[in-house]
Amino acid sequence: MKIKISKLLLSLNSNSKYTEEYSYNNSGEYPIIDGSTQNFQYKFKINTFDYDNDILSISTVGYYAGHVNIYNGKCSIGNNVACFILTNYAISLGLDINYLAFKIFQITKNIISGESGGYSALNINKFLSSYIEIDNEEKRTIIVDFMKKRQELFLLENKINIAVENMKKYNLNKIEGNTYPINRILDLVGGSSELTQEYLYNNSDQLDDLLPVYTGAISFNNLFVNRKNVEKIFKNSLKITRKGLAGHILYVPGEFTINDDAYVVKIKDEFLSNVNIHFLHFCLSSVIEDAVSSKCGNGTFNKTKFLTFEIKLPSKNKQNEYGKIFYEYLKLIEISEKMRKLRVFLNKELYNLEL
């Protein structure tokens, strides 16, 4: 079924007064949607709003002409953008704004005038007179799911960008504190050479009391061992890869063990109550590359050299502040990577349905 776009979308009024100067003088929490709005990043926010809807926006001129975005909530509409809400007819058909955003971008990218990547313009009248081929319910459901996950990814990436900017404020070279060689603060404890892939496979039928085994992999994996067969058990500690992806540091929550491809950071008793482990993670990450023989994979971590490096420890309160920002930053990156993998999966689903 083909339907004219003008029957599905109701145009909203913009306001040319929402300039950069206006935004500066009326700064607040509510975003202005304009032609530069992309992936939930807003140049300007003000202290009032004109709309409180699910809005579909299309940049009309400039570099982003034809790009489609969705905003949910209180906002106002500025320049170089066309914004819409669903008509009652579209709602009666059970169409979702996320679905229409996906379908509309397939249209707008083909009716842009001007050079790609340069100054371009979207002919709104031509756009509104175009038709959309409405898919069956199964395809629409997959598209909506895909678009919502895509939005979640963009929001997470925005949070990561904010976290990166926050991290830049914390310059380790400028903090005040006492400087110590790393070997004064901690030891590196090696793992068991017996916990090979072959050993874990051959003993997979003894997994009554599971304990995760961390290896040289960059993050956690699905290797486990029977707890009674393990001598060294660690808890809430930093793991350093010894070879392969050498020098990678990972905070591992809960109990675990390691094989011979990794070390675990053991803070010495003297410093145990005075060191925030996430701040320590931050510090060690800033110097560890200089103890790795290769930065391109298959490198070797030089434990002896690493332990001679120096780091600075500020007050515990300052460590807690730095450590919290760094830990939240790492969690966001981990979540974002999972979302990227999910988006790849959803893209494959769309391809399989020949959308």
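Refer to the preceding data block for the structure.
Residues numbered from 1 in each chain as written. Predicted model: local features only at pLDDT ≥ 70, side-chain atom pairs only at ≥ 80, totals over all residues. Heavy atoms only, no water.

Enquirer: Provide a residue-level description of the pattern of salt bridges, including the pertinent values.
Expert: Tallying each qualifying case throughout the model produces six salt bridges. In this structure, Arg227 engages Glu255 in a salt bridge whose closest nitrogen and oxygen atoms are separated by 2.7 Å. Here Arg227 is found in the loop between β14 (224-226) and β15 (234-241), whereas its partner Glu255 is found in strand β17 (residues 249-258), with 28 residues between them in sequence. (Salt bridge = Lys/Arg side-chain N within 4 Å of Asp/Glu carboxyl O. Helix = DSSP H or I, 4+ residues; strand = E, 2+ residues; numbered from the N terminus.)

Enquirer: Explain the packing of aromatic side chains to me, and be specific about the residues and the numbers.
Expert: On inspection of all chains with the given rule, the structure shows 15 aromatic pairs. Their ring planes at 40° and their centres at 5.8 Å tell us that Phe234 and Phe256 sit as a pair that is tilted. In this pair, Phe234 is assigned in strand β15 and Phe256 in strand β17, connecting sequence segments 22 residues apart. Across this residue pair, the class does not change: Phe234 and Phe256 are buried. Ring centres of Phe282 and Phe326 lie 5.0 Å apart, and the angle between their planes is 25°; this geometry places the pair in the stacked category. With Phe282 in helix α8 (residues 277-287) and Phe326 in helix α10 (residues 316-352), the pair connects residues that are 44 residues apart, well separated along the chain. The exposure class of Phe282 is buried, given its relative accessible area of 11%. (Phe/Tyr/Trp six-rings, centres within 6.5 Å; stacked < 30°, edge-to-face > 60°. Buried < 20%, exposed > 50% of the residue type's maximum accessible area, 1.4 Å probe, protein only.)

Enquirer: Can you break down the sheet that holds strand β6 (residues 68-77) residue by residue, with the values?
Expert: Read across the sheet, six strands follow the order β2-β7-β5-β6-β3-β4 without closing on themselves; strand pairing throughout is mixed. With partners counted over all chains shown, the strands left at the sheet margins are β2 (9-11) and β4 (45-46), one partner each. Bridging between strand β5 (residues 51-59) and β6 involves eight bridges; their strand directions are antiparallel. Considered in β6, the bridge of Ser57 is made with Asn69. Its contacts with the sheet place helix α3 (residues 97-108) against β2, β5, β6 and β7 (81-86), and it is angled at close to 20° to β5. (Pairing = 2+ DSSP bridges. Contact = heavy atoms within 4.5 Å. Axes fitted to C-alpha atoms, helices over the stretch in contact; angles between N-to-C directions.)

Enquirer: An account of the sheet that holds β15 is requested, with residue identities and associated values reported.
Expert: Sheet architecture is open: six strands sit in the order β12-β18-β15-β17-β13-β14, paired in mixed fashion. Looking at the sheet topology across the chains shown, the edges are occupied by β12 (186-190) and β14. Strand-to-strand twist of the sheet, defined as the mean angle between neighbouring strand axes without regard to direction, takes the value 45°. As paired elements, β12 and strand β18 (residues 262-267) share five bridges and run antiparallel to each other. Paired with Asp187 across the strands is Lys266, a residue of β18. Each of β12, β15, β17 and β18 is contacted by α8, which is oriented at about 125° to β17, the strand it contacts most.

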